[in-house]
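Observations on the three-dimensional arrangement
Letter by letter, the chains look like this.
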Amino acid sequence: MVVIDVVEGTALDALSSMQIFLRGQPKSFPSLETAIEWSCKTGQIRNMESAKVSMPPRFRRIGSEHASDSDIVAHTREEAAIAGAPAPKGEITKISEEEEEPSSFSSDRDSMPPPSNIPTNTPVVDAYQWRIDLTRTESFWEGWFRGLSSYFLDSGVPSFLLLAGIDRLDRDLTIGQMQGKFQMKVLPQCGHCVQEDAPDKVAEAMATFLLRYELATPTGSYHKPPPGLAFHSMGMMQPRFV
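Anyway, here's the lowdown on the structure attached to this text. A quick note: this is a predicted structure, and the numbers were derived from the prediction, not measured. (Residues numbered from 1 in each chain as written. Predicted model: local features only at pLDDT ≥ 70, side-chain atom pairs only at ≥ 80, totals over all residues. Heavy atoms only, no water.)

1. Some details on the sheet that holds strand 1 (residues 2-4)
Where we set the bar: Two strands form a pair only when DSSP identifies at least two bridges running between them. The helix count covers DSSP runs of H or I at least four residues long, the strand count covers runs of E at least two residues long, and both are numbered beginning at the N terminus. Axis geometry follows a simple rule: fit a line to the C-alpha atoms, using only the stretch in contact for helices, then measure angles between N-to-C directions, giving values from 0 to 180 degrees. Here, residues are in contact when the closest pair of their heavy atoms is within 4.5 Å.
Across the sheet, which stays open at both edges, the three strands sit in the order 1-5-6 with parallel pairing between neighbours. Among the strands making up the open sheet, the edge pair consists of strand 1 and strand 6 (183-186). Averaged over neighbouring strand pairs, the angle between their axes works out to 10 degrees when direction is ignored. In terms of strand pairing, strand 5 (residues 160-163) meets strand 6 through four bridges, oriented parallel. If you follow Leu-162 over to strand 6, its bridge partner there is Lys-185. On the sheet, helix 10 (residues 199-212) packs against strand 1, strand 5 and strand 6 and is oriented at approximately 170 degrees with respect to strand 5.

2. Things to note about the packing of aromatic side chains
What counts, and what does not: We call Phe, Tyr and Trp rings a pair once their centres come within 6.5 Å, taking the six-membered ring for Trp, and we label the pair stacked below 30 degrees between planes, edge-to-face above 60, and tilted otherwise.
Scanning all chains against the criterion turns up nine aromatic pairs. Grouping aromatic residues by their ring pairs yields a cluster made of Phe-29, Trp-38, Phe-59 and Trp-130.

3. Remarks on the nonpolar core
Quick reminder of the rule: Here, the term nonpolar core denotes a set of buried Ala, Val, Leu, Ile, Met, Phe, Trp, Tyr and Cys residues that are joined through side-chain atoms within 4.5 Å. Whether a residue is buried, partly exposed or exposed follows from its accessible area with a 1.4 Å probe, protein chains only, as a fraction of its type maximum: under 20%, in between, or over 50%, in that order.
In terms of nonpolar packing, the biggest core is built from twelve residues, these being Phe-29, Leu-32, Ala-35, Ile-36, Trp-38, Ile-45, Ala-51, Met-55, Phe-59, Tyr-128, Trp-130 and Cys-193. Of all elements in the fold, only helix 3 (32-41) and strand 4 (128-130) reach the threshold of two or more residues within this core. Here this core takes four residues from helix 3, the largest share from any one element. Leu-153, Leu-161, Leu-173 and Phe-182 belong to the second-largest nonpolar core, a separate cluster that totals eleven residues.

Written out as structure tokens, the structure is:
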């Protein structure tokens, strides 16, 4: 079992301020490039290359109710290319959105007048809006985290906790770590999106964990870690007690 930078105690403590945080972020952006820049400037993601990949799918075009799925994909590819991100493959999945009628827009739709059934004062592309309104999921927040530490410690399988800071451990995990119930590695200078901020280090840590328990086969020049050793809180090696 692998948990990446989610701790029950600190997550539950943060829920009281989550609505304030969500209300403080922009409701929409004029372009995907602007959204990507915002995510990095605010520190939500600390890796621009990663943000170029992960941010575009989080948005939908305001006015996209008048465009077909293929039209949205085409425009998203254009914006992704401008931002320097890889073009999305296939269709973009819409969440909680009704089926739309196919649009007659072509690739050069911006130079064409809107179809007659759309008011002339209705913009087809005005901005990019979050696909999911997280404020409406508040009733589920506590259930996402309550009991997570106990489940993690009592899973009965090799467990690995990857954190951005040692101060994020709650009481149960602190005791469990001292008892050697799980392996842990800290990647300093990362935000909450550890897998995006330091993807190479996360991949290396995951590979080491998988190889130690013979859940994967090494390739190339990657060396299997010595048996009986585990990460301690600062990423070094120490004996593992299980």
